[in-house]
Amino acid sequence: MENLKLSILHVLHLSNEDAASLFELSCEIAEPVQSEMGDLLNAAFAKLKANNKPFMPQINKLHKSALTDDVVTARKVCDNVFAEIKRTVAFESKSRDANKKEAALALDFFLEPYRDVTKSPLATQIELSAECCAKYNADAAIKSAAAKIGIDALFIEFEKDNLKLSTIYKTRHEEVSHRETSGSNLRPAASESYQQFCSVLEQAVNLTPKPLLIKLFDSIDELRKKYHALLPNAKAKKGEEE
């Protein structure tokens, strides 16, 4: 049987804020199954908790921004417009008007890769929404279909709102990034202990597999995939370990 390995995640490429959140959520997931971990994994877990405890509050303090509420508001606007597009497409796909039904079904197929875009991490949502709008603008048949069911104006609005969200998000990110990151001196210890915990977890699940350990492994792996998606285009330096 092939050894289980956690999904690749280049932790060093995450922002301090995302890294702190990753470590905190990992601790929350592992907490309930400590009794099944064994001595070595428990030791690694204790070290992760100890090193992340001062790191998380410091990062939360540093990353408060006056623009946070603006980001939340702009995202909600995008979510609502896209939801209206999907509702209209779903409604018209059952229309008794053959032309409208055909147009709606074409749009339903076009939107399939983006159906859950508003559930994605924010950076991913912005990128995929921009991709959706670009493909829409490049497809005359899809634009015509949107006009037939009266949502062409919604697509224009969605593109405009997503651009606004992207601008606010980038401004907030730049503002936070240029601050004095006093939490950065706490990150190396927290990152190292997270790496050790994941490494020991891999060993434990392969050498002494137990149902709860395997469940823990799967949960940590899903979390790593989620945070990998936060990296711009999932780019990472080739050959660099976590």
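Up top is the structure these notes are about.
Residues numbered from 1 in each chain as written. Predicted model: local features only at pLDDT ≥ 70, side-chain atom pairs only at ≥ 80, totals over all residues. Heavy atoms only, no water.

J.: Which residues make up the pattern of salt bridges, and what are the values?
T.: Counted under the stated rule, the structure contains nine salt bridges. Between glutamate 202 and lysine 5 there is a salt bridge, and its shortest N-O distance comes to 3.9 Å. Taken together, the residues span a long stretch of sequence, with glutamate 202 in helix 8 (residues 187-207) and lysine 5 in the segment before helix 1 (16-30) at a distance of 197 residues. Looking at glutamate 202, the relative accessible area reads 17%, which means it is buried. Taking relative accessible area as the criterion, lysine 5 reaches 61% and is therefore assigned exposed. A salt bridge links glutamate 31 to lysine 49; its shortest N-O distance comes to 3.7 Å. (Salt bridge = Lys/Arg side-chain N within 4 Å of Asp/Glu carboxyl O. Helix = DSSP H or I, 4+ residues; strand = E, 2+ residues; numbered from the N terminus. Buried < 20%, exposed > 50% of the residue type's maximum accessible area, 1.4 Å probe, protein only.)

J.: Now, about the packing of aromatic side chains: what can you tell me, with residues and values included?
T.: Per the counting criterion, the structure on display carries six aromatic pairs. Judged by centre distance (6.2 Å) and plane angle (40 degrees), the ring pair of phenylalanine 23 and phenylalanine 55 falls under tilted. Of this pair, phenylalanine 23 sits in helix 1 while phenylalanine 55 sits in helix 2 (residues 39-62), placing them 32 residues apart in sequence. Comparing phenylalanine 23 with phenylalanine 55, the two get one shared label, buried. Where tyrosine 136 meets phenylalanine 155, the ring centres are 4.0 Å apart and the plane angle is 5 degrees; that geometry is what we call stacked. Of this pair, tyrosine 136 sits in helix 5 (residues 122-138) while phenylalanine 155 is found in helix 7 (residues 152-177), placing the two residues 19 residues apart along the sequence. (Phe/Tyr/Trp six-rings, centres within 6.5 Å; stacked < 30°, edge-to-face > 60°.)

J.: I'd like a rundown of the environment of serine 35, residues and numbers included.
T.: Relative to the helices and strands, serine 35 is located in the loop between helix 1 and helix 2. Classification of serine 35 by relative accessible area gives exposed; the value is 68%. Sequence separation of serine 35 and leucine 212 is 177 residues, and the distance between their C-alpha atoms is 9.8 Å.

J.: Outline helix 8, listing residues and values.
T.: The first and last C-alpha atoms of helix 8 sit 30 Å apart over 21 residues, in line with the 30 Å expected at 1.5 Å per residue. Along helix 8, the residues classified as buried are Arg187, Ala190, Ser191, Ser193, Tyr194, Phe197, Cys198, Val200, Leu201, Glu202, Ala204 and Val205. (Expected span 1.5 Å × (residues − 1).)

J.: Talk me through the packing of helix 4 (residues 98-111) against helix 6 (residues 140-148); I want residue IDs and the actual numbers.
T.: Across the interface, helix 4 lies against helix 6 with an axial gap of 8 Å and an inter-helix angle of 130 degrees. Judged by the angle between their axes, helix 4 and helix 6 are oblique. As helix 4 packs across helix 6, the resulting crossing turns out to be left-handed. Residues Asn99, Lys100, Ala103, Ala106, Leu107 and Phe110 of helix 4 form the contact with helix 6, whose participating residues are Ile142, Ala145, Ala146 and Lys148. Classifying every residue of the contact of helix 4 with helix 6 gives seven nonpolar, one polar and two charged. (Axes fitted to C-alpha atoms, helices over the stretch in contact; angles between N-to-C directions. Parallel < 35°, antiparallel > 145°, perpendicular 65-115°, else oblique. Left-handed = near helix turned anticlockwise from the far one by under 90°. Contact = heavy atoms within 4.5 Å. Nonpolar A, V, L, I, M, F, W, Y, C, P; charged D, E, K, R; others polar.)

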